[in-house]
Amino acid sequence: MLSALGNPRQAAAQLMNFGLILSTAFMMWKGLSVISDSPSPIVVVLSGSMEPAFQRGDLLLLWNRNLFAETAVGEVVVYNVKDKDIPIVHRIISKFGTGPTAKLLTKGDNNDSDDTKLYAPGQNYLVREDIIGSVVGYMPFVGYVTIMLSEHPWMKTVMLGIMGLVVVLQRE
Amino acid sequence: MASQDKITVYNLADLKNTTDDAIPNYLASLKFTPSHLLTDVRLTLGFSAFALSAACFAWDYKLGFESTKHYTAFAVALYTILNGFLTFWIFYVEKGTIYQGTSPNGDKIRISTETKKNVPVYHMTVEVKDGKTGEKKTLKISRSFTEWFDATGRFVAAPLQTVLAQGVDVIGKVDTKRAAPAAAKTEGEPGPAAAVYTPEMLDMLSGAGVSVVGSAAETATGTETTEAKKAGKRRTN
């Protein structure tokens, strides 16, 4: 409301409400990170390499603590390749050794070969700390929104426009 | 006094916000001293929570998750506590308070307001503490917004001020002009009607082209409620 500009406390309160919406969303995300011990506890599947288990657009919930057992062969994990920012979700197909230095090899269920070609040059296996979490739950299709938004940037503009309109029209 | 822009009369939030803004202005004009303690505590809580989360964002962005996760865990816990306390403050301490202050006579007053969904009635709870005797009392005043908004959505300050001056003696003692009709109108009907329609309001109404039927109905409700208020006032005193 424009009249709020005349009153510094009221203006500050409105700014605070807006800020708290953002910060609460961020802190909820961080809380989830802390609980699951994963830097990114929710990821969206971007490729079809894990079909038929996961399709493009599935939302995955990750867990990165080894409370009862070590990460084992057969688990679907999300890992980050050194110096690359895109997390990859694939299955562990073999494991040599135990503990944090165990050598892990991964492969997409729908791929013909294992992931050695996807790893960084000179890297032939993963270790536990490359993994940012094992998949413990998923929601089909929900993440498709983010894929659409990143592949068709004009949709972001449209969505921001709609959200702005809603905020303007519905002020409680 | 209040902003001259028109509001949508169907928007309850607009009705309430405009009235909420007008009351502190009115009391300020009567030389009441406002106390901003409640708001300041709320702002402090809210902004410290926000600052904490901004700091958390900064260190997470610069240093990554792994090296800072213990600080992050602590920040999340502290943020939850701060936000929980903020919620507690808003719902159990502020309870819709729109004004807290001291009258020129030294009496303390606190006004909280609320509306019920889809009902255009303004519920005021006025807590008064006498400056000399320390005696506390709580008044509840519920009035229809139609008393101080005209059909076109313009806010008319005088009727609202009259409601407050007549209903709350701490305000009435200071604003004797608005409080006067309540004392003088013991004979009956014409008094309150004259009090409800001030020249400036009639001026506005004629400009807005409000129907005669509408005005007549308003006069009727105005009379009734003032009458009821009078009785209420006697009881509380």
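Residues numbered from 1 in each chain as written. Chains lettered and ligands numbered in written order. Predicted model: local features only at pLDDT ≥ 70, side-chain atom pairs only at ≥ 80, totals over all residues.

Caption draft 1: Fine view of the overall build of chain B. Assigned secondary structure in chain B consists of 9 helices and 5 strands. Reading the secondary structure of chain B in the N-to-C direction produces α-β-α-α-β-β-β-β-α-α-α-α-α-α. A separation of at least 24 residues holds for 56% of the contacts in chain B among residues at least 6 apart in sequence. (Helix = DSSP H or I, 4+ residues; strand = E, 2+ residues; numbered from the N terminus. Contact = placed C-beta atoms within 7 Å.)

Caption draft 2: Examining the packing of helix H1 (residues 8–36) of chain A against helix H2 (residues 37–63) of chain B more closely. Contact geometry of H1 of chain A with H2 of chain B gives a least axis separation of 9 Å together with a crossing angle of 40°. The angle between H1 of chain A and H2 of chain B places the two elements in the oblique class. As for how H1 of chain A packs across H2 of chain B, the hand of that crossing is left-handed. Residues Arg-9, Ala-12, Ala-13, Met-16, Gly-19, Leu-20, Ser-23, Phe-26, Met-27 and Lys-30 of chain A of H1 of chain A lie in contact with H2 of chain B, whose contacting residues are Thr-39, Leu-43, Gly-46, Phe-47, Ala-49, Phe-50, Ser-53, Cys-56 and Phe-57 of chain B. Among the residues forming the contact of H1 of chain A with H2 of chain B, the class breakdown is 12 nonpolar, 5 polar and 2 charged. (Axes fitted to C-alpha atoms, helices over the stretch in contact; angles between N-to-C directions. Parallel < 35°, antiparallel > 145°, perpendicular 65-115°, else oblique. Left-handed = near helix turned anticlockwise from the far one by under 90°. Nonpolar A, V, L, I, M, F, W, Y, C, P; charged D, E, K, R; others polar.)

Caption draft 3: Region of interest: the interface of chain A and chain B. Listed by partner, the interface residues are 19 residues for chain A and 21 residues for chain B. In terms of residue class, the side of chain A that touches chain B is made up of 9 nonpolar, 6 polar and 4 charged.

Caption draft 4: Representation of the pairing of strand S5 (residues 136–144) of chain B. Residue and element names in this part refer to chain B. In this sheet, S5 lies alongside strand S4 (residues 121–129) in antiparallel orientation, the contact comprising 9 bridges. Within the sheet, the bridge partner assigned to Val-121 lies in S5 and is Ser-144. The turn joining S4 and S5, which pair antiparallel and follow one another in sequence, is formed by 6 residues; a positive phi near 75° is taken by Gly-134. (Pairing = 2+ DSSP bridges.)

Caption draft 5: Just the sheet that holds strand S1 (residues 42–44) of chain A, in detail. Residue and element names in this part refer to chain A. Taken in spatial order, the 6 strands of this open sheet run S1-S2-S6-S3-S4-S5, and their pairing is antiparallel. With partners counted over all chains shown, the strands left at the sheet margins are S1 and strand S5 (103–107), one partner each. Sheet twist, expressed as the mean angle between neighbouring strand axes with direction ignored, is 50°. Looking at chain direction, strand S4 (residues 87–96) and S5 are connected through 5 bridges and run antiparallel. Looking across to S5, one finds that Ser-94 is bridged to Leu-105.

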